[in-house]
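Okay, here's what each chain looks like letter by letter:
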Amino acid sequence: MSVLLPKLATAAQLARAVLARETKPQDLLNSALGRIEAAHDLNALISLNEGAAEQAQQVENRVAAGETLPLAGVPIIVKDNINVTGTRTTCGSRILGNYVSPYTATAAQRLQDAGAVIVGKANMDEFAMGSSTESSAQGPTLNPWDKGRVPGGSSGGSAVAVAAGLTPVSLGSDTGGSVRQPAALCGVYGLKPTYGRVSRYGLVAYASSLDQIGPFARSAEDLALLMNVIAGHDPRDATSLEAPPKFAAGTPDGLRGLRVGVIRESLAGNTAGVQRTLDDTLSALKAAGASVGEVSLPELKYAIAAYYLIAMPEASSNLARYDGMVYGQRVSGSDLMESMTLTREQGFGREVQRRIMIGTYALSSGYYDAYYSKAMKVRRLLADEFNAAFGQYDVLLTPTSPFPAFRTGEKTADPLAMYAADVDTVAINLAGLPALSVPAGFEEVDGVKLPIGMQFIAPALKDELLVGLAGGLEGIGAVKMESPAGY
Ligand code: GLN
C-alpha cells in the first residue's frame, strides 16, 4: 500500500508518522519518487540513489526493533558534490560524469544513521561555481515559481527539491552563498553554518577555506532536526570544531530584546520588492520587541573582489587532481601531457576553466602579493568589522539577494554580473560566520509572484541563535513559506 502523505508534510511530521507506524519508509520513498517523476521538467536531480529502497527497508527494520530514529524514513536529496557510496558524484561536471563514490560523506552518513533515506543527488553549477545552476553539464535547473527563471545557485537543485516539495529537506553546500541565495530565490530556508560546524569530509572541495554543507528546509523545526544530526565534531575533517549541536526552533519570546543591526552597505541596489520585504521584516521584529539599528561595515565594498581572489586560487589548486589519471573521464592523447590537456579541455566547462586560469594567475609569482595576499588581508579586516558589529548587535540583517530570481540566460554572457549576484552573501564565508536565509516576502515581476529572502547573520558558533530566531519569526507570521502553483 502506498500512502501519499500530504504534500507539505515536514521532515519532523514524516519521522513521527513512521515512528508511530502510521506509514512506512518505503511508502515515503515511493511518494518522493513519484513527485520527482512528476517534476521531471525542473531538472532538479542528476541521479537517483539505486540503494534507496534497501536503505528504506533497513530503516523499517530498525524502527521495528524499537530504535527512535530522529529522521525515521525521511526522504532527502543531497547535492551532487556530496559523496554517497554507490551513487554517481558528478559535481555537475563532464569530468566526473562516470565517477561513482567509493565512500560516504560524514554529513550524509549521519543522515542515514538517523534514519533518513537519500533518494537522489541534486543538480548544481559545475563544481559549485555559479549563482544560477546553469553551468551544470546536465543543463539548467528551472525555478518552480517561473520556469523561465533560474533557481539561484550553485545548490539550485537542492533548493528546488524543497521548494517544489519533492522532499521536505535537502543538503547543499555554501562557499559564497550557494545555499542561502538559491533558498531566497526559491522561497525556502537555507542555512550556512559556522565554518567547521558541519564536517566537509566527503564534500568535493571547491574552495576549502570557505566550503560548508548546509540544509534547506520549510520549517524551523526541520532546520533544528537536521542540524542536530549533521553538525558536530568529525575527526576526519581537520577544520571540524568541537561544538555539540543544540538546535531548537525558538518562540516569539526569544525576539524580545534581540538587538538586530541592518548592514547599511546592503541597502543600496535592491529592487522595490526586496526593500519592502526588508521593511516588513523590521516592522515585525520591532512589534515583537526587538530593537533595530543600522551598522556600517565599510570593508564590504571589497568583499566580492576578495572572495573571488581567494575562491579561484583555492579552486585552481583543488581542481588540479582532475587530470584523467585517477578520477573520472579520461581523453587519451599521444603522451601524458596531451592526455591531461585534452581531459581538462573537454572535461571542464567554460566557467571552471576561467576560474582555474584566473586562480592560477592570482597565485603566480609576481602577482601573488598584489592579488591573493591582498585579498587575504581584506578577509581579516572584514572579519574584524563583523566582530566589532557584534559588540553592538546580536544578529545582523541584510537581504539575501538584491533581486528575486532572474531570467535563465540573463547573466550567462557576463561573468561579472553573475558574480555580483553574491554581493550580500560572500563576506559571511570570508569571515567564517553562520547565516540563515529566511523566506520573508514576494515581489511580482511581469505578473509572476517571486519569493524574496532575508539573511540573518550571527557570531561564529551561534548557529543555534539563527534557528531559534526562525522559530520566533514563524510565530509572529514573518516567515512567508508558500508553494509555487502546481507543486
Ligand atoms: N556563486 C559563488 C561562486 O560562484 C558561490 C558559490 C558557492 O557558494 N558554492 O563562487
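Bear in mind the structure is a predicted one, so any value in this text is a computation, not a measurement.

S.K.: Explain the pattern of salt bridges residue by residue, including any values.
M.R.: This structure, assessed with the given rule, holds 19 salt bridges. A salt bridge links D174 to R180; the nearest nitrogen and oxygen atoms lie 2.8 Å apart. Accessibility classification places D174 together with R180 in one group, the buried group. R200 serves as the salt-bridge partner of D237, at 3.6 Å between the closest nitrogen and oxygen. Residue D237 is located in the loop between α7 (220–230) and β7 (259–263), and its partner R200 is located in the loop between β5 (189–192) and β6 (212–217); the two are separated by 37 residues in the primary sequence.

S.K.: A description of the packing of aromatic side chains should follow, citing residues and the corresponding values.
M.R.: Counted under the stated rule, the structure contains 14 aromatic pairs. Measuring from ring centre to ring centre gives 6.0 Å for Y99 and Y327, while their planes differ by 80 degrees; the resulting arrangement is edge-to-face. Remark: Y327 occurs in the loop between α9 (303–318) and α10 (336–347) and Y99 occurs in the loop between β2 (75–79) and α4 (106–113); sequence separation between them is 228 residues. Aromatic pair F403 and F406: ring centres 6.0 Å apart, planes at 80 degrees, arrangement edge-to-face. One aromatic cluster is present, formed by Y99, F127, Y322, Y327 and F348 through successive ring pairs. Directly above the ring of F406 sits K411, whose terminal nitrogen or CZ lies 4.9 Å from the centroid. Positioned above the aromatic ring of F442, the side-chain terminus of K449 is 4.5 Å from the ring centre.

S.K.: Mind laying out the UniProt feature "domain: Amidase" (unreviewed entry) in the protein chain, listing which residues take part and the relevant values?
M.R.: UniProt annotation of "domain: Amidase" (unreviewed entry) refers to residues 27–466 when read in the numbering used here. In the segment residues 27–466, helix accounts for 35% and strand for 15%; the C-alpha atoms at its two ends are 33 Å apart.

S.K.: If you had to explain empty space enclosed by the protein to someone new, which residues and values would you point to?
M.R.: One pass over the structure, following the stated rule, counts three cavities of 30 Å³ or more. Of the pockets and cavities examined, the second largest cavity occupies roughly 60 Å³. Surrounding the second largest cavity, A128, G130, S131, T175, G176, G177, S178, Y206, Y307, Y308, R355 and D422 form its lining. Its residues assigned to classes, the lining of the second largest cavity shows four nonpolar, six polar and two charged.

S.K.: Tell me about the UniProt feature "active site" (unreviewed entry) in the protein chain, residues and numbers included.
M.R.: The positions UniProt marks with the feature "active site" (unreviewed entry) are K79, S154 and S178. Despite a sequence span of 100 residues, these residues sit close together in the fold, their greatest C-alpha distance being 10.9 Å. Restricting the annotated residues just mentioned to those that line the second largest cavity leaves S178. Mapped onto the secondary structure, S154 falls in the loop between β3 (117–122) and α5 (156–163). Its relative accessible area of 0% is what places S154 among the buried residues. Look past the residues within four positions of S154 in its chain and what remains in contact with it is K79, N123, M124, D125, A128, M129, G130, T133 and S178.

S.K.: I'd like a description of unusual backbone geometry, backed by residues and values.
M.R.: Note that the residue after G153, namely S154, is joined by a cis bond; omega there is 10 degrees. Its identity as a non-glycine residue notwithstanding, A128 has a phi of 70 degrees, on the positive side. Structurally, A128 can be placed in the loop between β3 and α5.

S.K.: Requested: an account of the pairing of β3, with residues and values cited.
M.R.: Most of β3 is tucked away: six of the six residues are buried. Pairing between strand β1 (residues 45–48) and β3: three bridges, direction antiparallel. Each bridged residue has a counterpart across the sheet, and for L45 the counterpart in β3 is A122. Examined bridge by bridge, β2 and β3 share five bridges and lie parallel to one another. Bridge assignment links K79 to a residue of β3, and that residue is A122. Since β2 and β3 lie parallel, the crossover through α4 that links them has a hand, and here it is right-handed.

S.K.: Could you give me a rundown of the site of the ligand, with the residues and numbers involved?
M.R.: The immediate surroundings of the ligand are formed by 15 residues, with T175, G176, S178, Y206 and Y307 found nearest. The contact in question runs from an oxygen atom of the ligand to an N or O atom on the backbone of G130, over 2.9 Å. Relative to its unbound accessible area of 290 Å², the ligand is 100% covered by the protein chains. Its atoms largely coinciding with the cavity grid, the ligand occupies the second largest cavity.

S.K.: Talk me through a nonpolar patch on the surface; I want residue IDs and the actual numbers.
M.R.: Together, Y361, Y367 and Y371 make up a nonpolar patch on the protein surface, roughly 280 Å² of accessible area in all. Its location among the elements puts Y367 in the loop between α11 (350–363) and α12 (369–389). Judged by relative accessible area, which is 35%, Y367 ranks as partly exposed.

S.K.: Give me the confidence of the model for the protein chain: which residues, what numbers.
M.R.: Overall, the prediction assigns the protein chain a mean pLDDT of 97, with 99% of residues at 70 or greater. Scored below 50 in pLDDT, residues 1–5 makes eleven contacts in the model with residues more than four places away or belonging to other chains.

S.K.: How would you summarise α10 if you had to cite specific residues and measurements?
M.R.: A rise of 1.5 Å per residue sets the reference length of α10, with its twelve residues, at 16 Å; its end C-alpha atoms lie 16 Å apart and thus fit the reference within 8%. Looking at α10, one finds that the buried residues are S339, T343 and G347. One face of α10 carries all of its buried residues, which in axial projection span an arc of 35 degrees. Relative to its buried face, α10 has exposed residues pointing more than 90 degrees away, namely M337 and E345.

S.K.: Lay out the nonpolar core in plain terms, naming residues and giving numbers.
M.R.: L71, L111, L166, L171, L285, L397 and F456 are the most contacted members of the largest nonpolar core, which totals 96 residues. For this core, the element with the highest residue contribution is α7, accounting for eight residues. With residues near it in sequence (within four places) discarded, L166 still touches A32, R35, I36, A39, A44, L45, I77 and A161. Counting 48 residues, the second-largest nonpolar core is a separate cluster that includes L300, Y372, V426 and I457.

Rules behind the numbers
- Residues numbered from 1 in each chain as written.
- Predicted model: local features only at pLDDT ≥ 70, side-chain atom pairs only at ≥ 80, totals over all residues.
- Heavy atoms only, no water.
- Salt bridge = Lys/Arg side-chain N within 4 Å of Asp/Glu carboxyl O.
- Buried < 20%, exposed > 50% of the residue type's maximum accessible area, 1.4 Å probe, protein only.
- Helix = DSSP H or I, 4+ residues; strand = E, 2+ residues; numbered from the N terminus.
- Phe/Tyr/Trp six-rings, centres within 6.5 Å; stacked < 30°, edge-to-face > 60°.
- Lys NZ or Arg CZ within 6 Å of the ring centre and 35° of its normal.
- UniProt positions renumbered as here; feature names shortened; annotations may be inferred.
- 1 Å grid on protein atoms, 1.4 Å probe; cavity = no way out; pocket = protein on both sides within 12 Å on 5 of 7 lines; lining within 4 Å.
- Points joined across faces, edges and corners; volume = space filled by probe spheres on them.
- Nonpolar A, V, L, I, M, F, W, Y, C, P; charged D, E, K, R; others polar.
- Contact = heavy atoms within 4.5 Å.
- Pairing = 2+ DSSP bridges.
- Right-handed = clockwise from strand over helix to strand, strands pointing away.
- Near = heavy atom within 4 Å.
- Polar contact = N/O pair within 3.5 Å; in protein donor to acceptor, adjacent residues only side chain to side chain.
- Areas by Shrake-Rupley, 256 points an atom, 1.4 Å probe, with all protein chains shown as cover.
- Sits in = over half its atoms within 2 Å of the grid points.
- Patch = residues over 30% accessible without salt bridge, like charges linked within 9 Å, V, L, I, M, F, W, Y side chains within 5 Å.
- pLDDT = per-residue confidence, 0-100.
- Expected span 1.5 Å × (residues − 1).
- Arc of directions from axis to C-beta.
- Core = buried A, V, L, I, M, F, W, Y, C linked by side-chain atoms within 4.5 Å.

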